[in-house]
Amino acid sequence: CGLPFLEAMFHGVPVVGRAATAIPETVSTAGLLLEGDHPEVWADAVLSVVRDRSLRERLVAAGRDRIRARLATDPRHSLGAILGARVAHPGGAV
């Protein structure tokens, strides 16, 4: 599910995620998408976001733009609607 990534981008948090399932579609170019299970690669990606202010700011801006675009194209994508559905159907598909 891409909900944690949507929430993070909505709140201005840069995201790092796996390039699998719905995550690439959700995040697109607004985050760092990684392949594989190599802890050192994941640690390097997270550290690069922490240490590189311009990267962090670019990802935050891209995430907010991604959220705005997604909300503007389809009102069913409102974060409130998504969160409300998750609360109404905890653990279930939305």
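It should be emphasised that the depicted structure is a prediction, and the values quoted were computed from it without experimental measurement.

Draft legend 1. Broad picture of the environment of G17. The residue G17 is located in strand β1 (residues 15–18) in this model. Judged by its relative accessible area of 3%, G17 falls in the buried class. G17 sits 12 residues away from F5 along the chain, and the two C-alpha atoms are 8.3 Å apart. Discounting chain neighbours no more than four positions away, the residues touching G17 are F5, L32, L33, L34 and W42.

Draft legend 2. Quick look at unusual backbone geometry. The backbone of T21 sits at a positive phi, close to 50°, despite the residue not being glycine. Position of T21 among the secondary structure elements: in the loop between β1 and α2 (23–27).

Draft legend 3. Spatial organisation of the confidence of the model for the protein chain. Of the residues in the protein chain, 74% reach a pLDDT of 70 or more, and the chain-wide mean stands at 84. Predicted confidence for residues 86–90 stays below pLDDT 50, and this span has 3 contacts to residues more than four positions away or in other chains.

Draft legend 4. The arrangement of the pattern of salt bridges in detail. Overall, the coordinates contain 3 salt bridges when judged by the stated rule. Between R18 and D37 there is a salt bridge whose closest N-O contact spans 2.4 Å. Here R18 is found in strand β1, whereas its partner D37 is found in the loop between β2 (31–34) and α3 (39–51), with 19 residues between them in sequence. Residue class for R18 comes out partly exposed when judged on its relative accessible area of 33%. Put simply, D65 and R68 hold a salt bridge, and the shortest N to O gap is 2.8 Å.

Draft legend 5. Examining the pairing of β1 more closely. Burial along β1 is one-sided: the face carrying V15 and G17 is buried and the face carrying V16 and R18 is not. The pairing of β1 with β2 spans 4 bridges and is parallel. Across the sheet, residue V15 finds its bridge partner in β2, namely G31.

Draft legend 6. How the structure looks around the side chain of T26. Examined against the element boundaries, T26 turns out to sit in helix α2. Within polar-contact distance, the side chain of T26 engages the backbone oxygen of A22 at 2.9 Å. With sequence-adjacent residues up to four places away left out, T26 is seen in contact with G2, F5, L6, M9, R66 and R70.

Cut-offs and rules
Residues numbered from 1 in each chain as written. Predicted model: local features only at pLDDT ≥ 70, side-chain atom pairs only at ≥ 80, totals over all residues. Heavy atoms only, no water. Helix = DSSP H or I, 4+ residues; strand = E, 2+ residues; numbered from the N terminus. Buried < 20%, exposed > 50% of the residue type's maximum accessible area, 1.4 Å probe, protein only. Contact = heavy atoms within 4.5 Å. pLDDT = per-residue confidence, 0-100. Salt bridge = Lys/Arg side-chain N within 4 Å of Asp/Glu carboxyl O. Pairing = 2+ DSSP bridges. Polar contact = N/O pair within 3.5 Å; in protein donor to acceptor, adjacent residues only side chain to side chain.

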